[in-house]
Amino acid sequence: MSVSNIQMPQYNPLESMMIRFNEAARILGLDEQFATVLKAPDKVVIVNIPVTMDDGTIRVFEGYRVIHSVHLGPSKGGIRYSMDVHLDEVKALAAWMTWKCAVVNIPYGGAKGGIKCDPRSMSRGELERLTRGYTLAMKDVFGEDSDIPAPDMGTGQQEMAWILDEYSKIRGHNSWGVVTGKPLVMGGSLGRVEATGRGVMVSARSAMARLGIKPTEATCVVQGFGNVGSISAKLIEELGVKIVGISDISGGYYNPGGIDIQSALSYVANSETRSLEGFAGGSKVSNSELLTLPCDVLVPAAMEDQITPENAHLIKAKLIVEGANGPTTAQADPILNEKGILVVPDILANAGGVTVSYFEWVQNRLGYYWTEERVHRRADRVMKQAFDNVFATAEKYKTSMRIAAYIVALDKVGSTLKLRGSF
Ligand code: GLU
C-alpha cells in the first residue's frame, strides 16, 4: 500500500479541549448554561493581509485573532506563524489561555492569534510588512486594557517590537503594555525569554518530588528544541537530571549516556539551518521513536497532537510535563492514566510564560523595572502554588491533574461569570 493510501487519524485540538472541559464541568457540577457561555469564544476576527513580497508580487495572508474570554481581565495570548494554523486550532489555543491564566491566578482572560505563513521561507522585510499589516488590521482588537498579544510558535521579540511600534504609531503615543515578550530595551522584562522553560522545570521538579524521583538519578527526553524545549532541557539538566533525548524538525537524537545541552544549544546557534541537523551528540532516531524512549520524564515541547492512542501505550516515562500547548490528544488521556503516568498538563506546566508576560505588563504600567532575581522568585512561587493547588484538587476529586486543572479554572471563571451576570 502506498503511503498516500494510509488513513492517518485526524485530531482536532478544539475537540480535545471540549472533551476535557465537559468532564471537568460534570465533576464540578457547573451550570449547563454557564458551560454553554464558556465554550464559545467571545469574538473571532479573520483578516486578509496583503503583503508586497521582495520580488514585487503581492501575496495575501490569512490572519486570525480569537478572543475566548475577558471575564477575568483583558484577553492575553500569543501569535503563531505557521502553515498549519487553522481556526479550530486558534479557538482551542485561545480557550487554553483562559484556563491557563485562571490556573496560575493572574487577572487575564484568554486569546490567541495566528497567521497562515511559513516564516522560515520569508525574508526579514516580508515578515516586518506582514506583522505591521496584521497589527493595523487588529488595531481595534489589541489594546493594553483589552487584548494583549505575545510570542508563540514562529514569533519572538522582533515581531513583538514591530507590533509595539506599529500600534504606537496608530495611537500617536508609545503604548508599552499592548504587547509582551518585547526586547528588553523596548520595555521587555528580564526573565521573559526563559520563563516558559523555567516554569516547565519548576513543574517537573515539583512532580518528581511527589513521585519520589531523585533528579540526580533520573533521565529525561525533551521533544522540541525551540524556545520552550531548549530552555526546559537546559534547566532540567541543571537539576542534575540526565537528558537522554532531544529533537527538532531535523529529527530526534538519543544518547543514553546523556546529551550535553549547552553544546546542543551552541550547535544550533552556529548552524546554518538553525537546527540540530548533523548534531553528533546522540544517535539519530525518528520523532515517533523519541517519544517512546526509555526515560523517567518526558517533556513534549513541540506542538499539538503528538501523544495519541497510536503511541500512548508505548510511552515508558513515569512523568509527562507538557511544555507545548495540547501535545496530548483527549483520546490518549485514559491510556496514560491507565498506565499510571503522572501528566502535568499544558495549562499548568507551560504557564510560566504568560505569568512573566503579566509581570512585564505590570512593569510597563508602573514604569518601574524589576531585577531578574525578583522575576524568577515571583514566577517560581506562582508556578509552585499553582502546582500544589492542582495536585490537591486532583486528590480531592480523585481525578487526573489535567481534569483537576480544568476544574480549578472552570470554578474560577464560572463563579466570576455568575457574579458578573449581564446576559
Ligand atoms: N504563547 C505563550 C503561551 O501559549 C505565551 C502567551 C503570553 O505570554 O501571553 O502561553
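Whatever comes next refers back to the structure up there.
Within every chain, residues take consecutive numbers counted from 1 along the sequence as written. Local features in a predicted model are, by the rule used here, given only for residues with pLDDT of at least 70; side-chain atom pairs are given and counted only at 80 or more, and totals for whole chains, interfaces and linings are based on all residues. Side-chain measures here rest on the full set of heavy atoms in the structure, leaving out hydrogens and waters.

Asker: So what's going on with the packing of helix 6 (residues 195-211) against helix 12 (residues 352-366)? Which residues, and what values?
Answerer: Here an angle of 0 to 180 degrees is reported between the N-to-C directions of two axes, which are lines fitted to C-alpha atoms, with helices fitted over the stretch in contact. By definition, any uninterrupted DSSP run of H or I lasting at least four residues is a helix, any uninterrupted run of E lasting at least two residues is a strand, and each is numbered from the N terminus. Where helix 6 contacts helix 12, the two axes come as close as 6 Å, and the packing angle between them is 130°. With respect to helix 12, the element helix 6 is oriented oblique. When the axes of helix 6 and helix 12 are compared, the crossing they make is right-handed. Along its contact with helix 6, which presents A195, T196 and G199, the element helix 12 presents G352, G353 and V356. Residue classes in the contact of helix 6 with helix 12 are distributed as two nonpolar, four polar and no charged. The cut-offs work like this: below 35 degrees is roughly parallel, past 145 is roughly antiparallel, 65 to 115 is roughly perpendicular, and the gaps in between are oblique. Crossing handedness follows the turn of the near helix against the far one: under a right angle anticlockwise gives a left-handed crossing, and clockwise gives a right-handed one. Pairs of residues are marked as contacts when any of their non-hydrogen atoms sit within 4.5 Å. Each residue gets one label: Ala, Val, Leu, Ile, Met, Phe, Trp, Tyr, Cys and Pro are nonpolar, Asp, Glu, Lys and Arg are charged, and the others, such as Gly, are polar.

Asker: Quick one: what's the story with the pattern of salt bridges, residue by residue and with numbers?
Answerer: Once their charged atoms are close, side chains differing in charge can pair, the charge on each being opposite to the other. The term salt bridge refers to a pairing of a side-chain nitrogen on Lys or Arg with a carboxyl oxygen on Asp or Glu at a separation within 4 Å. Within this structure, the stated rule accounts for 26 salt bridges. Between E238 and K234 there is a salt bridge; the shortest N-O distance is 3.8 Å. Of this pair, E238 and K234 both sit in helix 7 (residues 227-238), four residues apart, which is roughly one turn of the helix. Only protein chains enter the accessibility calculation, which uses a 1.4 Å probe; a residue whose area is less than 20% of its type maximum is buried, one above 50% is exposed, and one in between is partly exposed. By relative accessible area, which is 29% here, K234 ends up partly exposed. Here R402 and D333 are joined by a salt bridge, their closest N and O atoms 3.2 Å apart. With R402 in helix 14 (residues 401-420) and D333 in helix 10 (residues 333-338), the pair connects residues that are 69 residues apart, well separated along the chain. For the pair R402 and D333, one class covers both residues: buried. Three or more residues joined by partner-sharing salt bridges are found here, namely R20, E322, D333, D346 and R402.

Asker: Which residues make up the sheet that holds strand 9 (residues 283-285), and what values go with them?
Answerer: Two strands qualify as a pair provided DSSP detects at least 2 bridges between them. Ordered by their spatial adjacency, seven strands build an open sheet running 9-8-7-6-10-11-12, and the pairing between neighbours is mixed. Lying at the two open borders of the sheet, with one neighbouring strand each, are strand 9 and strand 12 (342-344). For this sheet, the mean inter-axis angle between neighbouring strands, taken without regard to orientation, is 20°. In terms of strand pairing, strand 8 (residues 251-254) meets strand 9 through three bridges, oriented antiparallel. Residue pairing for strand 9: G252 is matched across the bridge by V285.

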